[in-house]
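Results of the structural survey
Now for the letters of each chain:
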Amino acid sequence: MITSKEIHTFKLSVMEGHTVIMLQKSPWSVLQVVPATPETFDEVVAKCKKHGIVAVHGTDRTFCIIHIGSGDHDGKRPEHHVTVNASNYKEYIDELKDVMGQAAVWYYTNVIAAA
């Protein structure tokens, strides 16, 4: 099991018919939950990986999570601006992967297992 340096807080919403998970602090990530079935899981994950960073739950094969945005969202939320450059991009990607891994566990625990 991978241990996170920090516990993240998430908000679940539906936007344009899609389930999204929003991180409540920096890096202000917006993640989309992509439904799958155990039979289509590998195909869905492969397609999502062509478009961005993807996280999956360790045992559940009914969804994956894809990163759809972070930061100020094209200036709509300037207070959420995140600067990524050559000197910090590796740290940013590592943090994003941590956030997404936690989001997958959070979604499974609070939505799927709770149903």
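As the structure is a prediction and not an experimental result, all values here were calculated from the model.

**Describing unusual backbone geometry**
- Across the junction of Ser 26 and Pro 27, the peptide omega takes the value 15°, indicating a cis bond.
- In this model, Glu 16 sits at a positive phi of 50°, which is unusual for a non-glycine residue.
- Looking at the secondary structure, you find Glu 16 in the loop between strand 1 (10–15) and strand 2 (18–23).

**Some points on the nonpolar core**
- In this structure, Ile 21, Leu 31 and Ile 65 are the most contacted members of the largest nonpolar core, which totals 15 residues.
- Looking at this core, the elements with two or more residues in it are strand 2, strand 3 (30–35), strand 5 (63–69) and helix 2 (89–112).
- If one sorts the elements of this core by residue count, helix 2 sits on top with seven residues.
- Beyond its immediate stretch of four places on either side in the chain, Ile 21 contacts Phe 10, Lys 11, Leu 12, Ser 29, Val 30, Leu 31, Val 33, Ile 65, Ala 103, Trp 106 and Tyr 107.
- Core analysis: the next-biggest nonpolar cluster, separate from the first, contains nine residues, Ala 36, Phe 41, Val 54 and Cys 64 among them.

Cut-offs used in this document
Residues numbered from 1 in each chain as written. Predicted model: local features only at pLDDT ≥ 70, side-chain atom pairs only at ≥ 80, totals over all residues. Heavy atoms only, no water. Helix = DSSP H or I, 4+ residues; strand = E, 2+ residues; numbered from the N terminus. Core = buried A, V, L, I, M, F, W, Y, C linked by side-chain atoms within 4.5 Å. Buried < 20%, exposed > 50% of the residue type's maximum accessible area, 1.4 Å probe, protein only. Contact = heavy atoms within 4.5 Å.

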